[in-house]
2 protein chains.
Amino acid sequence: MRNIIIASTSTIHGSGYLDYIMADLKVFFEQASTILFVPYARPSGISHDDYTEIASTAFGKIDKKVNGLHTFENPIEAIKNAEAIFVGGGNTFVLTNQLHKNHLIAPLKEVVFYGTPYLGTSAGSNICGLNIKTTNDMPIVYPPSFNALALVPFNINPHYLDPDTTSKHKGETRETRIKEFHYFNTQPVVGLREGSWLLVKNDSIILKGHLTARIFEYNKTPYEVDSGIELNHLK
Amino acid sequence: MRNIIIASTSTIHGSGYLDYIMADLKVFFEQASTILFVPYARPSGISHDDYTEIASTAFGKIDKKVNGLHTFENPIEAIKNAEAIFVGGGNTFVLTNQLHKNHLIAPLKEVVFYGTPYLGTSAGSNICGLNIKTTNDMPIVYPPSFNALALVPFNINPHYLDPDTTSKHKGETRETRIKEFHYFNTQPVVGLREGSWLLVKNDSIILKGHLTARIFEYNKTPYEVDSGIELNHLK
């Protein structure tokens, strides 16, 4: 029994933190009065306290209380007791490192598979995949493993960006990077554009938002799927 | 005694492989008739053979023979016996993984510190730094360590890209990523724009090419240095 939102980003251009998705989150978190926030990914190096404050302000708009995981003496217990969980964006390596070091991968996975609602944005969405090998982030710390929560049977590439055909820059495009991934790995990758998210309800995985998503399967030509389409076939 | 070129890229927009730097490479590799090529980074998943062919064609223009490291039964011996070494670009994780697995980090470091000329481009430049924590690449394989050759006492960010102030994309800018790096690490980072390279001769490290480079030091405001400037102070 899964109840998960895997969002490409927390914020879209021209609006505030989580604004674009808040109406959906109100429904998603209907049964929860308190949300456990995992601030480990620390975007721009922000402190756990300051990051939790940002999440708290956003969720104040729909009358939810937010507690930072870092404030609990026993984070494993905090996860087990959570009514709902939100893992914010930032650096995926920093997030994954901290989750592994605090032995939180297995407990998180367990509660989510038992039905605790889970919202991930950006780095918090990357870790919903099998591993973090399709993150866009800079590997600023060395985690003990790249394995992630495996809440879905594929990998996520958040902030998916189409190739800029006018660019003179010789760095690899996102598509090239994901193709390189498939020389060494076989699982599918879902390229989620900003403003898109996956809604996972039990065995159903549906693309939400206004945009298409780009799907990369091993040994197949990448293709687009429309919003509203089920992605249950990917594995 | 070091003799190293650390280049941001192999290719600049509108010209062929290594063309922009070939006149300098002719001087740099003057004493060598054969260059040992390390094709491990496999850009776009290209095979070791095909990648070596590309390097071979380019260096044919200045009458150098190129041998692929993958063709040697004993790669450690091949490195020890090399007249000159070229490590090509591609995926830094794939490159680093293969170097560690073949126990080549220490031998490479040793021969370069004893004077074997070393050319790195892109991923081959990333590994000249202390570690690969400032690569732009996707972590498609999990290397046993992020430690690199430490041929210079700082880190490299190749293909350095200035923030695009017109972008509506919410992924982190390069500068934001490097600032995040400095929340967890203290070594300087040299952001090398495409067409720039560092020329290391013994104790001298000079920025070459037409562009400035962006230097990120721990707890300092990032700053630009001009071409021709020595970077010996960075550590």
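Residues numbered from 1 in each chain as written. Chains lettered and ligands numbered in written order. Predicted model: local features only at pLDDT ≥ 70, side-chain atom pairs only at ≥ 80, totals over all residues. Heavy atoms only, no water.

As recorded by an unreviewed UniProt entry, chain A carries the name Dipeptidase PepE and is attributed to Algibacter agarivorans.

Attention now moves to the packing of aromatic side chains. Following the criterion strictly, the structure yields 20 aromatic pairs over all chains and no others. Considering the side-chain rings of F29(B) and F59(B), the 5.7 Å spacing of their centres and the 75° angle between planes classify their relative orientation as edge-to-face. Note that F29(B) is positioned in the loop between α1 (22–28) and β2 (34–38) and F59(B) in helix α2 (residues 48–60), a separation of 30 residues in sequence. Note on F37(B) and Y51(B): the rings are 5.0 Å apart at their centroids and 85° apart in plane angle, and the pair reads as edge-to-face. In this pair, F37(B) is assigned in strand β2 and Y51(B) in helix α2, connecting sequence segments 14 residues apart. Exposure remark for F37(B): the relative accessible area of 0% places this residue in the buried category. Judged by relative accessible area, which is 3%, Y51(B) ranks as buried. Grouped by ring-pair contacts, the aromatic residues F28(A), F29(A), F37(A), Y51(A), F59(A) and F86(A) constitute a single cluster. (Phe/Tyr/Trp six-rings, centres within 6.5 Å; stacked < 30°, edge-to-face > 60°. Helix = DSSP H or I, 4+ residues; strand = E, 2+ residues; numbered from the N terminus. Buried < 20%, exposed > 50% of the residue type's maximum accessible area, 1.4 Å probe, protein only.)

Attention now goes to the interface of chain A and chain B. Chain A puts 47 residues into the contact, and the matching count from chain B is 46 residues. Its largest share of buried area at the contact with chain B, chain A owes to M138(A), I140(A) and Y142(A), together 19% of the area lost on that side. At the boundary of chain A with chain B, the tally comes to two salt bridges. Among the salt bridges present, the one from R177(B) reaches D137(A), with a minimum N-O distance of 3.7 Å. Remark: the boundary between chain A and chain B carries 17 residue pairs in polar contact (both at pLDDT 80 or more). Within the residue set of the side of chain A that touches chain B, elements represented by two or more residues are α4 (92–101) and α7 (174–181) of chain A. Broken down by element, the side of chain A that touches chain B gets its largest block of residues, six residues, from α7(A). Partitioned by chemical class, the residues of the side of chain A that touches chain B number 19 nonpolar, 18 polar and 10 charged. (Contact = heavy atoms within 4.5 Å. Buried area = accessible area lost by both parts, 1.4 Å probe. Salt bridge = Lys/Arg side-chain N within 4 Å of Asp/Glu carboxyl O. Polar contact = N/O pair within 3.5 Å; in protein donor to acceptor, adjacent residues only side chain to side chain. Nonpolar A, V, L, I, M, F, W, Y, C, P; charged D, E, K, R; others polar.)

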